[in-house]
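# Report on the structure
Residues per chain are reported as follows:
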Amino acid sequence: MFDFLEGYDVLGAFWTTVQLTLLSAVGSLIWGTILAGMRVSPVPLMRGFAAAYVNVVRNIPLTVIIVFTSLGLANIFSVTLGAADDFDAKFFRLAVLGLTAYTACFVCESLRSGINTVPVGQAEAARALGLGFTQVLTLIVLPQAFRAVIGPLANVLIALTKNTTVAAAIGVAEAALLMKEMIENEAQLLPITAIFALGFVVLTLPTGLLLGWLSKRLAVKR
Amino acid sequence: MTEVPVAKDAVAGTNDLVVLKSVNKHFGALHVLQDIDLTIARGEVVVVIGPSGSGKSTLCRTVNRLESVDSGSILIDGKPLPAEGRELARLRADVGMVFQSFNLFAHKTVLENVTLGQLKVRKTDKAKAEEKARALLDRVGVSTQADKYPAQLSGGQQQRVAIARALAMDPKVMLFDEPTSALDPEMINEVLEVMQQLARDGMTMVVVTHEMGFARSAANRVVFMADGRIVEEAAPDQFFSNPRSDRAKDFLSKILHH
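The structure presented is a predicted model; accordingly, all values stated were derived computationally and were not measured. (Residues numbered from 1 in each chain as written. Chains lettered and ligands numbered in written order. Predicted model: local features only at pLDDT ≥ 70, side-chain atom pairs only at ≥ 80, totals over all residues. Heavy atoms only, no water.)

## Observations regarding the overall build of chain A
Across its full length, chain A holds 9 helices and 0 strands. Its helices and strands in sequence order give chain A the pattern α-α-α-α-α-α-α-α-α, from N to C terminus. Taking the principal axes of its C-alpha atoms as reference, chain A extends roughly 70 × 45 × 25 Å. Long-range contacts, defined as pairs at least 24 residues apart, comprise 76% of the intrachain contacts of chain A with a sequence gap of at least 6. Of the roughly 11,200 Å² of accessible surface on chain A, 68% is carried by carbon and sulfur atoms. One finds the centroid of the 14 positive side-chain charges in chain A at a distance of 25 Å from the centroid of its 12 negative side-chain charges. (Helix = DSSP H or I, 4+ residues; strand = E, 2+ residues; numbered from the N terminus. Contact = heavy atoms within 4.5 Å. Areas by Shrake-Rupley, 256 points an atom, 1.4 Å probe, with all protein chains shown as cover. Lys, Arg positive; Asp, Glu negative; His and termini not counted. Charge placed at Lys NZ, Arg CZ, Asp CG, Glu CD.)

Take a look at the structure:
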């Protein structure tokens, strides 16, 4: 019944999806946190840059960003991210870069709403102890903000997992690219799409459940 | 040779720890601090009282620049208060602050609350910081709560931890911004007792409060504010029994009846 699967590395394709997701998740978490820090910083230039970045990048379709990393960064500006000769690695890394740049906007805005849940007195008390801006942010405000936005961040992570399919546009051999190939070669549209749909649910459902549980467990009691 | 010690005395001998000179501040159209001149000597306990909206909390918060001022100067231990940055942070470390709403760090245990400033600002090593924190928690009577989170403590306990947190920095002066206003009546005394002890130990204190009993018993001086101005300054006995200004008479007549 499943003989149409023969000769295709479905698990391998999903493994690429997982790698895209994890690397982009780590990247966007870091970059998004830095952006959020800039958006609440006392330096107008930093605030302005982060606000402009978020408002421009999150409003560009992801497909455009991913295609730009390939046609723009790679072909015009010769950005190869340390993999000039290895095409697979190059486009994989470019896809991670594009996904990170895009997803960081949503991480930043989630975190910023989390920062707003931290009572202003927490930062005042920290400043009164003699802590500087960066210390107040990293020791007092962000740890509480993160705990408040684990739920929204789970949404971002789930969206990111599914957004990795856009990397197919520049030929990264992840799940969606394989699905397209299989649909073209085999006359089994429904089973093939069902298998890939199920694959994504298997990836994202535990993410949501785990982070939902964490968000309750780590909630800051006031 | 005799000039040297004289000159030294003139600098180090100034007993003024906090000096505010013609300080003005506006909140939009509201002129919340109007030409405030106030000098607090080393070891002095000054209680600031007055009706709501008189600017007494704002005054307290300007001393460590949680509120900026529009004009005038503030000196702490002879040094002008820096506008921002590292210098300001260093100065704030020497000024302890206790808030109306406690503001204990909600994601840290009681012990971590008291060690944080020592570790991150004073760069004390961990063992020493914890030892000092435990001693201070013991002093304010909450040593058994060290490993709990703030939300697990009563208001009075939280406020005493907040006092310990401020004391852990070895501050030159302590600011209390209505420390008992958010407390249940039966918890007010446990906090006031800690403050009284602190006053007896010679700590320089600025206390914004509605606790007239504390003002009477612990203050060296009462500062009465109304409408953004210091209306009257006097020793507590004199102020409560024989206020000079009509505004103060009016205020006291409303609160001392029952």
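That was the structure; now back to the text.
## Here's the deal with the overall build of chain B
Along the backbone of chain B there are 10 helices and 10 strands. Here chain B has a C-alpha radius of gyration of 19 Å; the compact-globule value for 258 residues is 18 Å, and the two agree. The dimensions of chain B, computed from C-alpha atoms along their principal axes, are 60 × 50 × 40 Å. Each of the 258 residues in chain B was classed as buried or not, and the buried ones make up 53%. Pairs at least 24 residues apart make up 66% of the contacts formed inside chain B by residues separated by at least 6 positions. Accessible surface for chain B amounts to roughly 11,800 Å². Of this, 48% is attributable to carbon and sulfur atoms. One way to put it: in chain B the 32 positive side-chain charges average out to a point 5 Å from where the 33 negative ones average out. (Rg over C-alpha atoms; globule rule 2.2 N^0.38 Å. Buried < 20%, exposed > 50% of the residue type's maximum accessible area, 1.4 Å probe, protein only.)

## With respect to the confidence of the model for chain A
Of the residues in chain A, 100% reach a pLDDT of 70 or more, and the chain-wide mean stands at 93. Here helix α3 (residues 62–76) of chain A stands out as the element of chain A with the lowest mean pLDDT, 90, in contrast to helix α2 (residues 44–57) of chain A, whose mean of 97 is the highest. (pLDDT = per-residue confidence, 0-100.)

## Quick word on the interface of chain A and chain B
On the side of chain B, 23 residues touch chain A, which itself brings 19 residues to the contact. Of the roughly 1,800 Å² buried where chain A meets chain B, counting both sides, 64% is carbon and sulfur surface. Three residues stand out in chain A for area buried against chain B, namely E124, A128 and L129 of chain A, and they jointly supply 32% of the buried area on that side. Summed over the shared surface of chain A and chain B, the number is 1 salt bridge. Between R61 of chain B and E124 of chain A there is a salt bridge; the shortest N-O distance is 2.6 Å. Here chain A is connected to chain B by 7 residue pairs in polar contact (both at pLDDT 80 or more). (Buried area = accessible area lost by both parts, 1.4 Å probe. Salt bridge = Lys/Arg side-chain N within 4 Å of Asp/Glu carboxyl O. Polar contact = N/O pair within 3.5 Å; in protein donor to acceptor, adjacent residues only side chain to side chain.)

## With respect to the UniProt feature "transmembrane region" (unreviewed entry) in chain A
Residues given the UniProt feature "transmembrane region" (unreviewed entry) here are residues 12–38, 59–79, 91–108, 128–150 and 189–214 of chain A. End C-alpha to end C-alpha, residues 189–214 of chain A measures 38 Å, and it is 100% helix and 0% strand. (UniProt positions renumbered as here; feature names shortened; annotations may be inferred.)

## Section: the state of the cysteines
Residues and elements named next belong to chain A. Per the counting criterion, the structure on display carries 0 disulfides over all chains. This cysteine, C105, is not joined by any disulfide, and C108 carries the nearest cysteine sulfur, 7.4 Å off. A residue is classified by how much of its surface remains accessible, and C105, at 1% relative accessible area, is buried. (Disulfide = S-S within 2.5 Å.)

## Topic: the confidence of the model for chain B
Here chain B shows a mean pLDDT of 90. Residues at 70 or above account for 93%. In the model output, the complex is listed with pTM 0.86 alongside ipTM 0.88.

## Details of the UniProt feature "domain: ABC transporter" (unreviewed entry) in chain B
What UniProt calls "domain: ABC transporter" (unreviewed entry) maps, in this numbering, to residues 18–252 of chain B. For residues 18–252 of chain B, the end-to-end C-alpha separation is 27 Å, with 38% helix and 26% strand making up the annotated structure.

## A word on the packing of aromatic side chains
Within a pair of aromatic rings, the relevant descriptors are the distance that separates the centres and the angle that separates the planes. Within the structure shown, the criterion is met by 9 aromatic pairs over all chains. Between the aromatic rings of F14 of chain A and F196 of chain A, the centroid separation amounts to 5.6 Å while the plane-to-plane angle is 25 degrees, which identifies the pairing as stacked. Residue F14 of chain A is located in helix α1 (residues 10–39), and its partner F196 of chain A is located in helix α9 (residues 189–218); the two are separated by 182 residues in the primary sequence. Take F196 of chain A: its relative accessible area is 2%, and that puts it in the buried class. What links up through ring pairs into an aromatic cluster is the set F224, F239, F240 and F251 of chain B. Seen from the ring of F87 of chain A, K90 of chain A lies directly overhead, with NZ or CZ sitting 4.8 Å from the centre. The ring of F105 of chain B has R165 of chain B sitting right over it, with the charged end atom 4.5 Å from the ring centre. (Phe/Tyr/Trp six-rings, centres within 6.5 Å; stacked < 30°, edge-to-face > 60°. Lys NZ or Arg CZ within 6 Å of the ring centre and 35° of its normal.)

## Some details on the UniProt feature "domain: ABC transmembrane type-1" (unreviewed entry) in chain A
The sites that UniProt annotates as "domain: ABC transmembrane type-1" (unreviewed entry) are residues 14–211 of chain A. Counting secondary structure, residues 14–211 of chain A comes out at 80% helix and 0% strand; the distance between its end C-alpha atoms is 21 Å.

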